[in-house]
Amino acid sequence: MPHPIMFGDDDMGLAEVREIALGFPEAFEKVSWGRPVFCAPKMFVVYGGSVKGPPEDDHVQYPHSVLVKVDDGDRAALEQDRRFFFPAYLGPFGWLGLDLTAATVDWREVAELADASFRLVAPKKLITQLDQRRPADVRVMIRSETP
């Protein structure tokens, strides 16, 4: 049985996450587990996530969030930030989630998190392509100060 679709194209922040993630070399989008997943060729960003609740409860959903793989050196600092959560299933593999509804979104921060995640999973040739871009092209520029 396929997973139900758990997002809509007009979901808060999805257009911005798409613009950022699809700006990386050879990045593409697919739907896995009912959510948009961005890969190059391995996944480096997921839109939407959840946290396992107590045994008697189901998962707590974070439908407007972005999941990224994080470096062990950055993990402790990010875990201290209340906007971040330990996502079900991916958390044990080095991933954290950023709740986009917890505060005003800093899209440059999201781009930096996506960049770091990409660098942890992408093949060396794609990282080289990323590094060879002009500095202004390294990160997708989001329409600044979008409310």
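Computed from a predicted structure; not experimentally measured.

Undergrad: Describe the side chain of D99, with residues and values.
TA: When you line up the elements, D99 lands in strand β6 (residues 95-99). Comment: no salt bridge for buried D99; closest opposite-charge side chain is R82, at 6.9 Å. Separated by 2.6 Å, the side chains of D99 and T101 make a polar contact. Excluding anything up to four places from it in sequence, D99 contacts Y62, H64, S65, R83 and F85.

Undergrad: Could you give an account of the pairing of β6, naming the residues involved and the relevant values?
TA: Taken across its five residues, β6 has five buried, putting it largely inside the fold. Residues W95, G97 and D99 of β6 are buried on one face, and the alternating residues L96 and L98, pointing to the opposite face, are buried as well. Sheet topology places strand β4 (residues 60-69) next to β6; five bridges connect them, and they run antiparallel. What sits directly across from S65, in β6, is D99. Of the strand pairs in this sheet, strand β5 (residues 84-85) and β6 are connected by two bridges, and their pairing is antiparallel. The residue of β6 that forms the bridge with F85 is G97.

Undergrad: Tell me about the nonpolar core, and name the residues and values.
TA: Within the largest apolar cluster, 31 residues are counted, with the highest numbers of intra-cluster contacts made by V17, F24, F44, V45, V66, L100 and F118. Only α1 (14-21), β3 (43-51), β4, β6, α3 (107-121) and α4 (124-132) provide two or more residues apiece to this core. Ranked by residue count, the leading element in this core is α3, at seven residues. Each residue touching V17, except ones within four places of it in the same chain, is listed here: F38, V45, Y47, V66, L100 and W107. One finds V37, M43, F85 and L90 within the second-largest nonpolar core, a separate group that totals eight residues.

Analysis parameters
- Residues numbered from 1 in each chain as written.
- Predicted model: local features only at pLDDT ≥ 70, side-chain atom pairs only at ≥ 80, totals over all residues.
- Heavy atoms only, no water.
- Helix = DSSP H or I, 4+ residues; strand = E, 2+ residues; numbered from the N terminus.
- Buried < 20%, exposed > 50% of the residue type's maximum accessible area, 1.4 Å probe, protein only.
- Lys, Arg positive; Asp, Glu negative; His and termini not counted.
- Salt bridge = Lys/Arg side-chain N within 4 Å of Asp/Glu carboxyl O.
- Polar contact = N/O pair within 3.5 Å; in protein donor to acceptor, adjacent residues only side chain to side chain.
- Contact = heavy atoms within 4.5 Å.
- Pairing = 2+ DSSP bridges.
- Core = buried A, V, L, I, M, F, W, Y, C linked by side-chain atoms within 4.5 Å.

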